[in-house]
Amino acid sequence: MKNVAIIEDEQNIAEMLSYMLSKNSFIPNVYHSAEEYFMAKKFDTASAYIVDLNLPGINGINIIKFIRSHDKISPIFIISGTLSDKVVTEGLDAGADDYVMKPFNPNVLLMKLENASRKVRKLREESLNDGLKIIDESHTVVKDGTFILLTGREYLIVKKLFEAKSNCVSREALIDNFPGEDVTVRTIDTHICSARKKLKRAQISIRTIRGVGYAMVS
């Protein structure tokens, strides 16, 4: 884990965090608001996140929810000067992994980041050269060390195809994955198209069985 996204509006704290991380083999990327982070469009490039809850504009809870919807595995750390039990609970429920209250000891946060780094690195190393695996917790497909992060719907479709072991799965069976949701054949085809492009990086293909459905080939 090297790249760390810092979403913090206080200039002095952002600079301190950036300096500390850069001196300890991390690559900090500083954003002074959630909007600035959105504009950067680097939603899948960070390996850890440090988020201030009291941001101008879109608040920290909402940016944590957004990050977690796109990245199920990387650690998110809350920093704030007003961490009541209610706020902590809201932050953790939104998807954060830990929190540090301002003013904080930089070495404590660094230790938390380094511990998280080791855990993420171990997960990645365990997945190297280990064939094709799917990870429910992170909506991720892993093949020989290549990690592919999918959306929730993409993942459920790909998981169904994976479990079919190269056999064809009908569109109707894929629709059954989403009871109560407004999912149509066209919706399935759209998600298949998107997942297919992502899986190509890991040399995994999804074949179209004309008039029937789809099958995964890895």
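As a reminder, the structure under discussion sits directly above these lines.
What you are looking at is a predicted structure, and each value in this text was computed from that prediction instead of being measured.

Rules used in this analysis
- Residues numbered from 1 in each chain as written.
- Predicted model: local features only at pLDDT ≥ 70, side-chain atom pairs only at ≥ 80, totals over all residues.
- Heavy atoms only, no water.
- Phe/Tyr/Trp six-rings, centres within 6.5 Å; stacked < 30°, edge-to-face > 60°.
- Buried < 20%, exposed > 50% of the residue type's maximum accessible area, 1.4 Å probe, protein only.
- Helix = DSSP H or I, 4+ residues; strand = E, 2+ residues; numbered from the N terminus.
- Pairing = 2+ DSSP bridges.
- Contact = heavy atoms within 4.5 Å.
- Axes fitted to C-alpha atoms, helices over the stretch in contact; angles between N-to-C directions.
- Core = buried A, V, L, I, M, F, W, Y, C linked by side-chain atoms within 4.5 Å.
- Parallel < 35°, antiparallel > 145°, perpendicular 65-115°, else oblique.
- Left-handed = near helix turned anticlockwise from the far one by under 90°.
- Salt bridge = Lys/Arg side-chain N within 4 Å of Asp/Glu carboxyl O.

K.L.:
Lay out the packing of aromatic side chains in plain terms, naming residues and giving numbers.
P.N.:
Tallied over the full model, the rule gives three aromatic pairs. Relative to tyrosine 37, the ring of tyrosine 31 has its centre 5.3 Å away and its plane inclined at 75 degrees; by these criteria the two rings are edge-to-face. Tyrosine 37 carries the same exposure label as tyrosine 31, and that label is buried. Look at phenylalanine 38 and phenylalanine 66: their rings are 4.7 Å apart centre to centre, the planes differ by 85 degrees, and that puts the pair in the edge-to-face class. Pair noted here: phenylalanine 38 is in helix H2 (residues 34–40) and phenylalanine 66 is in helix H3 (residues 60–70), with a separation of 28 residues, a long-range link. On the basis of relative accessibility, which here comes to 23%, the residue phenylalanine 38 falls in the partly exposed class.

K.L.:
Could you give an account of the pairing of strand E11 (residues 213–217), with specific residues and numbers?
P.N.:
The buried fraction of E11 is high, at four of five residues. As paired elements, strand E9 (residues 169–170) and E11 share two bridges and run antiparallel to each other. Bridge pairing links serine 170 to glycine 213 in E11. Here strand E10 (residues 205–209) runs beside E11; their pairing, made up of five bridges, is antiparallel. Residue pairing across strands places serine 205 opposite valine 217, the latter belonging to E11. Hairpin geometry of E10 and E11 is characterised by an intervening segment of three residues between the two adjacent antiparallel strands and by a positive phi of about 80 degrees at glycine 211.

K.L.:
Describe the sheet that holds E9, with residues and values.
P.N.:
Sheet architecture is open: three strands sit in the order E9-E11-E10, paired in antiparallel fashion. If you trace the sheet from one side to the other, it starts and ends with E9 and E10, each paired once. Sheet strands touched by helix H6 (residues 152–163): E9, E10 and E11. Its angle to E11, the strand with the most contacts, is close to 70 degrees. Along the sheet, helix H8 (residues 185–199) makes contact with E10 and E11, crossing E10 at roughly 145 degrees.

K.L.:
An account of the environment of methionine 101 is requested, with residue identities and associated values reported.
P.N.:
Checked against the element boundaries, methionine 101 lands in strand E5 (residues 98–101). Residues methionine 101 and glycine 81, 20 residues apart in the sequence, show an inter-C-alpha distance of 5.5 Å.

K.L.:
Pulling in residues and values, what's your account of the nonpolar core?
P.N.:
Grouped together as the largest cluster of nonpolar side chains are 21 residues, with contacts concentrated most on Leu161 and Ile188. Contributions of two or more residues to this core are made by H6, H8 and E11.

K.L.:
Account for the sheet that holds E5, naming residues and giving values.
P.N.:
Spatial strand order, E2-E1-E3-E4-E5: five strands in an open sheet with parallel pairing. Of all strands in the sheet, those bounded by a partner on one side alone are strand E2 (27–31) and E5. In this sheet, neighbouring strand axes are inclined to one another by 20 degrees on average, regardless of whether the strands run parallel or antiparallel. Bridge count for strand E1 (residues 3–7) against strand E3 (residues 48–52) is four bridges, and the pairing is parallel. Its bridge partner being in E3, valine 4 is matched across the sheet by alanine 48.

K.L.:
Which residues make up the packing of H3 against helix H4 (residues 85–94), and what values go with them?
P.N.:
Here H3 crosses H4 at 20 degrees, and the two axes come no closer than 8 Å. As the angle between them shows, H3 and H4 are arranged roughly parallel. Taken as a pair, H3 and H4 cross one another with a handedness that is right-handed. Contacts from Ile61, Ile64, Lys65 and Arg68 of H3 reach H4 at Glu90, Gly91 and Ala94.

K.L.:
Mind laying out unusual backbone geometry, listing which residues take part and the relevant values?
P.N.:
Put simply, lysine 102 and proline 103 share a cis peptide bond, and its omega is -10 degrees. Within the secondary structure layout, proline 103 lies in the loop between E5 and helix H5 (106–127). The phi dihedral of serine 25 is positive, around 70 degrees, even though this residue is not glycine. Its location among the elements puts serine 25 in the loop between helix H1 (11–22) and E2. Notably, glutamine 203 is not glycine yet its phi reads approximately 60 degrees, a positive angle.

K.L.:
Account for the pattern of salt bridges, with residues named and values stated.
P.N.:
Applying the stated criterion across every chain, the model contains eight salt bridges. With a shortest N-O distance of 3.5 Å, aspartate 52 and lysine 102 are connected by a salt bridge. Of this pair, aspartate 52 sits in strand E3 while lysine 102 sits in the loop between E5 and H5; the two residues are 50 residues apart in sequence, bridging distant segments of the chain. For the pair shown, aspartate 52 and lysine 102 are each scored as buried.

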